[in-house]
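If you want the building blocks of each chain, they are given just below.
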Amino acid sequence: MSDERDMTGSDDVTETGDAANAMWGGRFAAGPSAIMREINASIPFDKALWRQDIAASKAHVAMLGAQGIVTPDDAAVISNGLDAVAAEYARDGVPEDWDREDIHMTTEARLAELIGPVAGRLHTARSRNDQVATDFRLWVRDALDQMDAGLAGLQRALVTRAGEHAASIMPGFTHLQTAQPVTLGHHLMAYVEMFRRDRSRLADARARMNESPLGSAALAGTGFPIDRDATAAALGFDRPTANSLDAVSDRDFALDFLYACSATALHLSRLAEELILWASQPFGFIRLPDSLSTGSSIMPQKKNPDAAELVRGHSGRVIGALTSLMITMKGLPLAYSKDMQDDKPPVFEAASLMGLSIAAMTGMIADATFNTGRMRAAAELGYATATDLADWLVRQAGIPFREAHHITGAAVKLAESRGIALDALPLADLQGIDARIDQSVYAALSVDASVAARASYGGTAPGQVRLQVAGARRMLGMEE
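Residues numbered from 1 in each chain as written. Predicted model: local features only at pLDDT ≥ 70, side-chain atom pairs only at ≥ 80, totals over all residues. Heavy atoms only, no water.

1. So, the packing of helix α7 (residues 184-209) against helix α19 (residues 462-475)
To characterise two packed helices, one gives the angle between the axes of the helices and the distance between these axes. For clarity, the threshold we go by: Here an angle of 0 to 180 degrees is reported between the N-to-C directions of two axes, which are lines fitted to C-alpha atoms, with helices fitted over the stretch in contact. Under the scheme used here, helices are H or I runs from DSSP no shorter than 4 residues and strands are E runs no shorter than 2 residues, and both carry numbers assigned from the N terminus. Note: crossing handedness is left-handed where the near helix turns anticlockwise from the far helix by less than a right angle, and right-handed where it turns clockwise. Throughout, a contact is declared for two residues whenever any of their heavy atoms are within 4.5 Å. Under the scheme applied here, ten amino acids are nonpolar (Ala, Val, Leu, Ile, Met, Phe, Trp, Tyr, Cys and Pro), four are charged (Asp, Glu, Lys and Arg), and all others, including Gly, are polar.
Relative to each other, α7 and α19 sit at 35 degrees, their axes nearing to 10 Å. Crossing of α7 over α19 shows left-handed handedness. Between α7 and α19, the residues in contact are G185, H186, M189, V192 and R199 and V465, Q468, V469, A472 and M475, respectively. Along the lines of polarity and charge, the residues of the contact of α7 with α19 split into 6 nonpolar, 3 polar and 1 charged.

Shown next as structure tokens:
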């Protein structure tokens, strides 16, 4: 997808269909070998850029006409021809003629078939190098916007369920061991925060990449009196790029997108892993929707969380896409090298996987059934209020925390040996461990009291969860 020169707009530049490709064949006596033809063609994947290619071409020819570089009549004929090509693509798809290599030459060749030699004027003052850099930026910008919208939908699903379960008690874990009781709403809101940061990365990437390479030509700019500000504005860019060498060789915007995808995929994978655990029989915290689960070919009792497992698996492929492009770019000198033709497949794959993963996760969260009774029972049986006993000893009995920690450990050991919760231990037994314990300790040992006590900002107390839910609803534009 490289073009090492600027076309002057000569009418004799047309697609002939010969073995020697007319777009660059004047330099060569013979056409490309079958191997070269196959390795060089990118049309099987870069046809995905056709909408962006048409849009950039229309902006470019409008500018050429406004600047008097081509006549207004020629500009109008070319623009109308591009509309006709776009209509064909929308109706029939983009044809894959490997002799035409890529979406740019495919479009220009079809344009020539429709309007004749005047089509050759379209490529005046541009190169395939700035053309693909512009098209790809436009595509990535669209993908960023689509992904942001998907994440906003997932956040809304999480916030809705968090509001429903602001006071539903479950065990909180560290090391996958019961730690302290939390609310399910608090747990779900943790992912709202993760996806908020992911969306901020998308916004940062979008702001950073929103500069137009169009007009940089092959690498050095052009001698034609073009108006780069006009084409940048027409395509929704904030400004034109400042350096033509950098503009045609930069793929930071694609790397930024893939990094944002990778970070989001990590968060999706963590949530998927929790849903998989919670849906297992030993946990029994959640029932995933039938529409996003599968059965077993031989075990009729099985309900497998396949959608969640695939979301977890897709994260590896997304991270692999980032690694792939980073390695492609790491050793390339300025400006364009053909290696960069391989920039699009990993980006296209990652965007597709992220769209599927976000949609699947949104459906699972929205339609899951939470077994709050099972969650509460697990919190009560896991000695999750042990820290509350230690805190009570510090506050009420004036005991140093390290000593309180030791006393609490003895109480947990006794309750565990009897198979009962801490608040089920008789007072006499607790006082046998430490005489400073009195009846008021039981007010601190229930899971409800434990959760209610965590009322610091951002804590798990139901009031705090509801406060965070209300703020998130406002941020997401959800109706009160």
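2. Quick word on the packing of helix α4 (residues 72-92) against helix α5 (residues 103-115)
Rules: The cut-offs work like this: below 35 degrees is roughly parallel, past 145 is roughly antiparallel, 65 to 115 is roughly perpendicular, and the gaps in between are oblique.
With their axes 9 Å apart at the nearest point, α4 and α5 run at an angle of 115 degrees to one another. Between α4 and α5, the interaxial angle falls into the category roughly perpendicular. Here α4 runs over α5; the crossing is right-handed. Contacts from V77, I78, G81, L82, A84, V85, E88 and Y89 in α4 reach I103, T106, T107, R110, L111, L114 and I115 in α5. Residue classes in the contact of α4 with α5 are distributed as 10 nonpolar, 3 polar and 2 charged.

3. Quick word on the pairing of strand β1 (residues 169-174)
For clarity, the threshold we go by: DSSP calls a pair of strands paired once it identifies at least 2 bridges connecting them.
Of the pairings in the sheet, the one linking β1 to strand β2 (residues 177-183) comprises 5 bridges and is antiparallel in character. Of the residues in β2, the one forming a bridge with T174 is Q177. Two successive antiparallel strands, β1 and β2, enclose a turn made up of 2 residues, where H175 displays a positive phi of approximately 55 degrees.

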